[in-house]
Each structure stands twice: as C-alpha cells, then as structure tokens.
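Chain residues, written in single-letter form:
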Amino acid sequence: MVQEQIIGRGIGDARVIAAMRKISRHLFVDPGLVNRAYDDSALPIGDKQTLSQPYIAARMTEALRLTGMEKVLELGTGSGYQTALLAELCFNVFSVEKLRALSRNARTLLDRLGYQNIALHVGDGTIGWSEHAPYNAIIVTAGAPNVPKPLLDQLSVGGRLVIPIGAEQAQILIRVSRTRSSFKEEQLGECKFVKLLGKYGWRD
Ligand code: SAH
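Every chain begins its residue count from 1, and numbering advances along the sequence as written. Local features in this predicted model are restricted to residues whose pLDDT is 70 or higher, and side-chain atom pairs enter the listing and the counts only when it is 80 or higher, whereas totals over whole chains, interfaces and linings include all residues. Derived side-chain values reflect all non-hydrogen atoms in the structure, with water molecules and hydrogen atoms excluded from consideration.

## Looking at the overall build of the protein chain
- Helix and strand assignments come from DSSP, with helices taken as H or I runs of at least 4 residues and strands as E runs of at least 2, each series counted from the N terminus. Helix and strand counts for the protein chain come out as six helices and nine strands.
- Only C-alpha atoms enter the radius of gyration, while the globule expectation follows 2.2 Å times N to the 0.38, with N the number of residues. Radius of gyration (C-alpha) of the protein chain: 15 Å, near the 17 Å computed for a compact globule of 204 residues.
- For the protein chain, the spread of C-alpha atoms along the three principal axes comes to 45 × 35 × 35 Å.
- Among the 204 residues that make up the protein chain, the fraction classed as buried is 50%.
- Computed by Shrake-Rupley with a 1.4 Å probe, the accessible areas treat only the displayed protein chains as cover when residues are assessed. Of the roughly 9,700 Å² of accessible surface on the protein chain, a fraction of 50% belongs to carbon and sulfur atoms.
- Taking the average place of the 25 positive charges on the side chains of the protein chain and the average place of its 20 negative ones, the gap between the two points comes to 3 Å. Relative accessibility thresholds used throughout: buried, under 20% of the residue-type maximum; exposed, over 50%; partly exposed, between the two (1.4 Å probe, protein chains only). When charges are tallied, Lys and Arg are placed among the positive residues and Asp and Glu among the negative ones, while His and the ends of the chain are skipped. Every charge is mapped onto a representative atom, which is NZ of Lys, CZ of Arg, CG of Asp or CD of Glu.

Right, here's the structure in full:
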C-alpha cells in the first residue's frame, strides 16, 4: 500500500510515510472487510460513514506540515485511523465525532494501541473545541459547504487548516494558512467525502 499508493503518488514526507507503515489499517475496519483494508479506496465503517482512502489520508496529513510539536484538532474521528496517524506525528490530538458509537469504538481501539496523546469528544465539531484552542493544525475529514468560521477563529497564527469544500458529490481539498493579518487559501485537488453535518456544515 505505502509503496504504490503513497510514495508512488508523490507523498514525500518521511514522517508521514513511516506513520503509514506503522499503523495497521486492518484494525480499523469491520472484520468482514479485513481483506480490503489496504485497497486503494475508502471503506464503510457503519452508520453510512467511511474510512478515507489511504492516499487521501496521507495527502491531508502531509498538507498539515506536522513536525511533532503541534496541538491538532480533528473533525470526524470515524474509525480513528486518521486520529492514530496524527497522534504519531504531533504532540496531541483533539478529535470530535458526531456519532457516539463511532467515537466509543475508536476510543477502545486507540486505547488498546496505547496512544496517550488523544482526547476524544462527541458533539458538533463545526463549532470547534474552544476549550483547547488555539490549534496549530486543524483537519476536517468530512465535506463542508464552506469553511466553518469557528475553525478559523480557533486556528493559531502560523497554523494550517485542511478541509474538503464543495458540493455534496465532489469537493476540492483546501488548505487555509493563518498569517498575522490574514488567511491564505490554496487548492490541493479533488476529493469526495461524506457530509459534515452541523451548525456550520450541512443541515442534518
Ligand atoms: N477520518 C475518519 C473518517 C471520517 S468519515 C476515519 O479515518 O475513519 C466522516 C466522519 O465525520 C463521520 O464519522 C461522521 O460521523 C463525522 N462527522 C460528520 N459531521 C460531523 C460534525 N459536525 N462533527 C464531528 N464529526 C462529524
């Protein structure tokens, strides 16, 4: 998976590559899908949600430019796969999931794997998690109609926010970088995610 889908498609960050090699993706999928865990595709994780395609997870993670010191906010814990990836690459992760059952499963698995730098919360992530703000990096793994304003407010100066923005059927991956006086936006390519539902996302 890593050689073909990650390095072969241009992911160059050695830390991201090492983390992808380390984390066993098959632990994060349903027992019935274990033989597809390393496929070049997204996979269902229940409740109509999906575990992102490996390349997309790597691309988004690389775009955050993590060095190991960061406090990161994640929206959409889902299976916890992306959360584990972040936990390998930054100082601590704060991850919000809307669906209690997914968050609970992720907690069990991430504890079993021994991660001690992950805090999980059940709720609407579109309002952010103000208690621990500001964040050096924010990653949203569900598609939004536009960038939720609270996330911009909770991004530190010098911080990066990576989020899929666009219509329900297809989105563009956007990176927003905060400078002292403004926000700079870059487009990183096309993607397709399930909907980010909530106050500053799509309506429930
Ligand atoms: N990154 C996950 C996949 C996420 S799928 C993984 O690696 O498995 C998108 C997730 O976003 C779903 O679990 C969905 O329930 C969640 N979600 C949707 N809207 C949300 C919101 N407003 N706040 C938090 N989580 C949300």
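Moving on from the model shown.
## Considering helix H3 (residues 54-63)
- Taken across its ten residues, H3 has nine buried, putting it largely inside the fold.
- Turning to H3, its buried residues number three or more, namely Pro54, Tyr55, Ile56, Ala57, Ala58, Met60, Thr61, Glu62 and Ala63.
- Once H3 ends, the next one or two residues include Arg65, with phi positive near 50°.

## Re the pairing of strand E3 (residues 71-75)
- Of all five residues in E3, four are buried, a share of seventy percent or more.
- Relative to strand E4 (residues 92-97), E3 runs parallel, the two sharing five bridges. When the bridges of E4 are listed, Leu75 appears paired with Val96.
- Think of it like this: strands point away, you trace from the first strand over the helix to the second, and a clockwise trace means the crossover is right-handed. Viewed along the sheet, the connection from E3 through helix H4 (residues 81-89) into E4 turns out right-handed.
- Both E3 and strand E6 (residues 135-140) contribute to a ladder of four bridges, which runs parallel. Note that in E6 the partner of Glu74 across the bridge is Ile139. Whether two strands pair depends on DSSP finding at least two bridges between them.

## Focus: the layout of surface pockets
- There is about 520 Å³ of room inside the largest pocket.
- Here a cavity means grid points, on a 1 Å grid over the protein atoms only, where a 1.4 Å probe fits yet cannot get out; a pocket means an open set of points with protein on both sides within 12 Å along at least five of seven lines; lining residues are those with an atom within 4 Å of a point. What lines the largest pocket is a set of 31 residues, and nearest its centre among them are Gln49, Gly76, Glu97, Ala142 and Val194.
- Those elements that place two or more of their residues in the lining of the largest pocket are strand E2 (49-51), E3, H4 and E4.
- No other element matches the three residues that E2 contributes to the lining of the largest pocket.
- Reported here for the second largest pocket is a volume of approximately 230 Å³.
- Leu27, Phe28, Ser79, Asn105 and Leu109 are the residues nearest the centre of the second largest pocket, which is lined by 13 residues in total. Grid points are joined across faces, edges and corners, and a volume is the space filled by probe spheres set on the points.

## Details of the site of the ligand
- Only a single heavy atom is needed: when it lies within 4 Å of a molecule or strand, its residue is near that molecule or strand. For the ligand, the set of nearby residues contains 24 residues, the closest of which are Ser79, Glu97, Asp124, Gly125 and Leu197.
- Residues adjacent in sequence count toward polar contacts only when both atoms are side-chain atoms; beyond that, a polar contact is any pair of N or O atoms within 3.5 Å, and within protein one must be able to donate a hydrogen and the other to accept it. Within the side chain of Ser79, a nitrogen or oxygen atom sits 2.7 Å from an oxygen atom of the ligand.
- Measuring from a nitrogen atom of the ligand, one finds a side-chain N or O atom of Thr141 at 3.0 Å.
- Taking 580 Å² as the accessible area of the ligand by itself, protein coverage stands at 99%.
- Judged by its atoms lying within 2 Å of the grid points, the ligand is housed in the largest pocket.
- Of all the elements, E2 adds the most residues to the shell around the ligand, at three residues.
- Classifying every residue of the shell around the ligand gives nine nonpolar, eleven polar and four charged. Any molecule with more than half of its atoms within 2 Å of a cavity's or pocket's grid points is regarded as sitting in that cavity or pocket. The nonpolar class holds Ala, Val, Leu, Ile, Met, Phe, Trp, Tyr, Cys and Pro. Asp, Glu, Lys and Arg form the charged class, and all remaining residues, Gly among them, are polar.

## Quick notes on empty space enclosed by the protein
- Considering all chains together, one arrives at one cavity of 30 Å³ or more under this definition.
- Lining the largest cavity, in full, are Asp13, Arg15, Val16, Thr61, Glu62, Arg65, Leu66 and Leu89.
- Those elements giving two or more residues to the lining of the largest cavity turn out to be helix H2 (14-22) and H3.
- Taken together, the residues that form the lining of the largest cavity break down as three nonpolar, one polar and four charged.

## Some words on the nonpolar core
- Here the nonpolar core consists of buried residues drawn from Ala, Val, Leu, Ile, Met, Phe, Trp, Tyr and Cys, with membership extended through side-chain atoms lying within 4.5 Å. Counting 46 residues, the largest nonpolar core has Met20, Leu66, Tyr81 and Leu110 as the members making the most contacts within it.
- Contacts of Leu66, omitting those with residues within four sequence positions, involve Arg15, Val72, Leu86, Leu89, Cys90 and Ala137. Contacts are assigned to residue pairs that have any heavy atoms within 4.5 Å of one another.

## Description of the sheet that holds strand E8 (residues 171-178)
- The sheet built from seven strands is open, its strands ordered E5-E4-E3-E6-E7-E8-E9 with mixed pairing. Strands at the two margins of the open sheet, each flanked by one partner only, are strand E5 (118-122) and strand E9 (183-191). Along the sheet, successive strands turn relative to each other by an average axial angle of 15°, direction set aside.
- Relative to E9, E8 is paired through eight bridges, and the arrangement is antiparallel. What sits directly across from Gln171, in E9, is Cys191. Helix axes use the C-alpha atoms of the stretch in contact, all axes being lines fitted to C-alpha atoms, and the angles between their N-to-C directions lie in the range 0 to 180 degrees.

These results come straight from atomic positions and should not be treated as a statement about function.
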